[in-house]
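The primary structure of each chain is shown beneath.
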Amino acid sequence: MRDSLLIKAAFSEKTERPPVWMMRQAGRFMKEYWDIKNKYSFLEMCKTPEIAADVTMLPVDLLGVDAAILFSDILVTGEAMGGDLSFSQGVGPKFANPVRTQADVDQLETEVGDKLQYVAEAIKVIQQRLNGTIPLIGFAGAPFTVMSYLVEGGSSKDFKLTKLLIHNNPELAHQLLAKIATVTANYLNMQIAAGVNAVQIFDSWAQALAWDDYKEFSHRYIVEIISKLNRKEIPVISFCKGSSVFAPLMAEAKPDVISIDWNVDLLDIKQRLPKGIAVQGNLDPHILYADKKVIKDRIYRLFDRMKDEQGFIFNLGHGIMPDIPFDNVKYAVDIIKEWRNTNFTN
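Quick caveat: nothing in here was measured; it's all calculated off a predicted structure. (Residues numbered from 1 in each chain as written. Predicted model: local features only at pLDDT ≥ 70, side-chain atom pairs only at ≥ 80, totals over all residues. Heavy atoms only, no water.)

Student: Now, about the overall build of the protein chain: what can you tell me, with residues and values included?
Tutor: Helix and strand content of the protein chain: 15 helices and nine strands. The C-alpha atoms of the protein chain give 19 Å as radius of gyration, which agrees with the globular expectation for 346 residues (20 Å, within 12%). Principal axes of the C-alpha set define a box for the protein chain whose edges measure 60 × 45 × 40 Å. The buried share of the protein chain, reckoned over its 346 residues, is 58%. In the protein chain, 73% of the contacts between residues at least 6 apart in sequence involve partners at least 24 apart. In the protein chain, which carries 39 positive and 43 negative side-chain charges, the distance between the mean positions of the two groups comes to 4 Å. (Helix = DSSP H or I, 4+ residues; strand = E, 2+ residues; numbered from the N terminus. Rg over C-alpha atoms; globule rule 2.2 N^0.38 Å. Buried < 20%, exposed > 50% of the residue type's maximum accessible area, 1.4 Å probe, protein only. Contact = heavy atoms within 4.5 Å. Lys, Arg positive; Asp, Glu negative; His and termini not counted. Charge placed at Lys NZ, Arg CZ, Asp CG, Glu CD.)

Student: Got a sec to walk through the pairing of strand β9 (residues 312–316)? Specific residues and values, please.
Tutor: Among the five residues that make up β9, five are buried, leaving the element largely enclosed by the rest of the structure. Because side chains alternate across β9, one face comprises the buried residues Phe312, Phe314 and Leu316, and the other comprises Ile313 and Asn315, equally buried. Pairing of strand β8 (residues 278–283) with β9 involves five bridges; the strand directions are parallel. Bridge pairing in β9 places leucine 283 opposite leucine 316. (Pairing = 2+ DSSP bridges.)

Student: An account of the packing of helix α4 (residues 49–63) against helix α7 (residues 117–130) is requested, with residue identities and associated values reported.
Tutor: Two numbers describe how α4 lies on α7: the axes approach to 8 Å, and their chain directions differ by 45°. As judged from the angle between their axes, α4 and α7 are oblique. Handedness of the crossing formed by α4 with α7: right-handed. Judged by residue contacts, Pro49, Glu50, Ala52, Ala53, Asp54, Thr56, Met57 and Val60 of α4 engage Tyr118, Glu121, Ala122, Val125, Ile126, Arg129 and Leu130 from α7. Looking at side-chain class alone, the contact of α4 with α7 contains 10 nonpolar, one polar and four charged residues. (Axes fitted to C-alpha atoms, helices over the stretch in contact; angles between N-to-C directions. Parallel < 35°, antiparallel > 145°, perpendicular 65-115°, else oblique. Left-handed = near helix turned anticlockwise from the far one by under 90°. Nonpolar A, V, L, I, M, F, W, Y, C, P; charged D, E, K, R; others polar.)

Student: Lay out the pairing of strand β5 (residues 198–203) in plain terms, naming residues and giving numbers.
Tutor: With six of its six residues buried, β5 lies for the most part within the structure. Where burial is concerned, the two faces of β5 agree: the one with Ala198, Gln200 and Phe202 and the one with Val199, Ile201 and Asp203 are both buried. Pairing of strand β4 (residues 136–141) with β5, which is carried by five bridges, proceeds in the parallel orientation. Across the sheet, isoleucine 137 pairs through a bridge with alanine 198, a residue of β5. Relative to strand β6 (residues 236–240), β5 runs parallel, the two sharing five bridges. If you follow glutamine 200 over to β6, its bridge partner there is isoleucine 237. Regarding topology, helix α11 (residues 211–227) serves as the crossover connection from β5 to the parallel β6, and that connection is right-handed. (Right-handed = clockwise from strand over helix to strand, strands pointing away.)

Student: Before we move on, can you summarise the environment of valine 257 with the specific residues and values?
Tutor: Along the chain, the position of valine 257 falls in strand β7 (residues 257–259). A relative accessible area of 0% places valine 257 in the buried class.

Student: Got a sec to walk through the packing of aromatic side chains? Specific residues and values, please.
Tutor: Aromatic ring pairs are defined here through the distance separating the ring centres and the angle between the ring planes. Applying the stated criterion across every chain, the model contains 13 aromatic pairs. Taking the centre distance of 6.3 Å and the plane angle of 65° together, the rings of tyrosine 33 and phenylalanine 71 count as edge-to-face. Of this pair, tyrosine 33 sits in helix α2 (residues 31–37) while phenylalanine 71 is found in the loop between β1 (68–69) and α5 (76–80), placing the two residues 38 residues apart along the sequence. Residue class for phenylalanine 71 comes out buried when judged on its relative accessible area of 7%. (Phe/Tyr/Trp six-rings, centres within 6.5 Å; stacked < 30°, edge-to-face > 60°.)

Student: Outline helix α15 (residues 326–338), supporting the account with residue identities and numerical values.
Tutor: In a regular helix each residue adds 1.5 Å, so 13 residues correspond to 18 Å; α15 covers 19 Å between its end C-alpha atoms and thus fits that length. Residues of α15 that are buried include every one of Asn328, Val329, Ala332, Val333, Ile335 and Ile336, and no others. Along α15, the residues classed as buried sweep out an arc of 160° about the axis, all on the same side. With respect to the buried face of α15, the exposed residues turned more than 90 degrees away are Asp327 and Glu338. Each element contacted by the buried residues of α15 is listed here: α4, α14 (292–306) and β9. (Expected span 1.5 Å × (residues − 1). Arc of directions from axis to C-beta.)

Student: Provide a residue-level description of the nonpolar core, including the pertinent values.
Tutor: Burial of nonpolar side chains together is a common tendency in soluble globular proteins. Ranked by size, the top nonpolar core spans 136 residues in total, and within it Met22, Met147, Leu176, Tyr214, Leu288, Ile299 and Phe314 carry the most contacts. With residues up to four places along the chain from it excluded, the contact list for tyrosine 214 reads Asp203, Ala206, Leu209, His219, Ile222, Cys240, Phe246, Leu249 and Met250. (Core = buried A, V, L, I, M, F, W, Y, C linked by side-chain atoms within 4.5 Å.)

Student: Which residues make up unusual backbone geometry, and what values go with them?
Tutor: The step from glycine 281 to asparagine 282 runs through a cis peptide bond, and the omega angle for that step is -20°. You can see asparagine 282 is positioned in strand β8. We note that lysine 254 has phi near 65°; this positive angle belongs to a residue other than glycine. Structurally, lysine 254 is set in the loop between α12 (243–250) and β7. Note on lysine 254: relative accessible area 58%, which makes it exposed.

Student: If you had to explain the sheet that holds β4 to someone new, which residues and values would you point to?
Tutor: Here we have seven strands laid out as an open sheet, ordered β1-β4-β5-β6-β7-β8-β9, and parallel in their pairing. At either margin of the open sheet sits one strand with a lone partner, and together these are β1 and β9.

Student: Please provide a residue-by-residue account of the side chain of glutamine 280, values included.
Tutor: Considering the arrangement of structural elements, one finds glutamine 280 in strand β8. Residue glutamine 280 is classed as buried on the basis of its relative accessible area of 0%. A polar contact is formed between the side chain of glutamine 280 and the side chain of glutamine 200, at a distance of 3.1 Å. Of note is the side chain of glutamine 280, whose polar atom sits 3.0 Å from the side chain of serine 259. Setting aside anything within four residues of it in sequence, one finds glutamine 280 in contact with Trp21, Gln200, Ile237, Val257, Ile258, Ser259, Ile260, Ile313 and Asn315. (Polar contact = N/O pair within 3.5 Å; in protein donor to acceptor, adjacent residues only side chain to side chain.)

Okay, structure coming up:
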């Protein structure tokens, strides 16, 4: 895997073209995903290694992407710690026992590796199916994002309860975040031991935070997690919604790659980052709704900006939306795979 496009680009080495994978690439925009989803609950899909492998392989087989990403969810750590997690159509994730008091935090477990072994088993099945063709990316949710779900009891538009916790009771917030960080580092190391070739940390709701709050309640725990990873030859990708603002701080955690949202010029932010940190991104996923000529133009525009840069992985600024046409996603991947640094003509 060391010679794969993704791993070389992640380590800021020269590649003949940027590798391509997309966040949420194994998901609801594919009919084949629904063929599986209509038979099982979401958590059954995550917790059954063969089914998780089936879903992981869909974009590999149908899109021809340069990397697979483990099919799972960022909240499995919160569930393993003691959260009563469920998913329902149109509502999303819910924790029936939100964490808001000292007693709630005290009840959460940190020795939960045995409860997450289904993920290690899924990784082994997926790697058997990939058979060395492309890398497999593992992942985990960042502590702040997982905490927000635990505290709010589910998704939130304003994160009011989470912000009240960090502002009114920062000591309790730090106790909760420290527990999640311990679990997350162990969980990612378990994935590495099981055979993933790269890992990504998702801080999906970091953009809810002011700079000082991000630094105190998110960044410091990502620094801790990355410092504990068994990362020899395993690139670490750090993503947050808000990375266009927080990227200089994210770089201090020493990831190999920072995944950038679509609110910034990718070349500008790459050149402001320390040498040797690659970037991933940063097409606005809404472009994939557009006509194919627009999709091609926007991808080529991004590639034209980045053509002299080493350390560039193509991705979206966030995940694929469920109603984006599959044909448009396939077209985007095909366009990217046809492109070469040596024959750029736009």
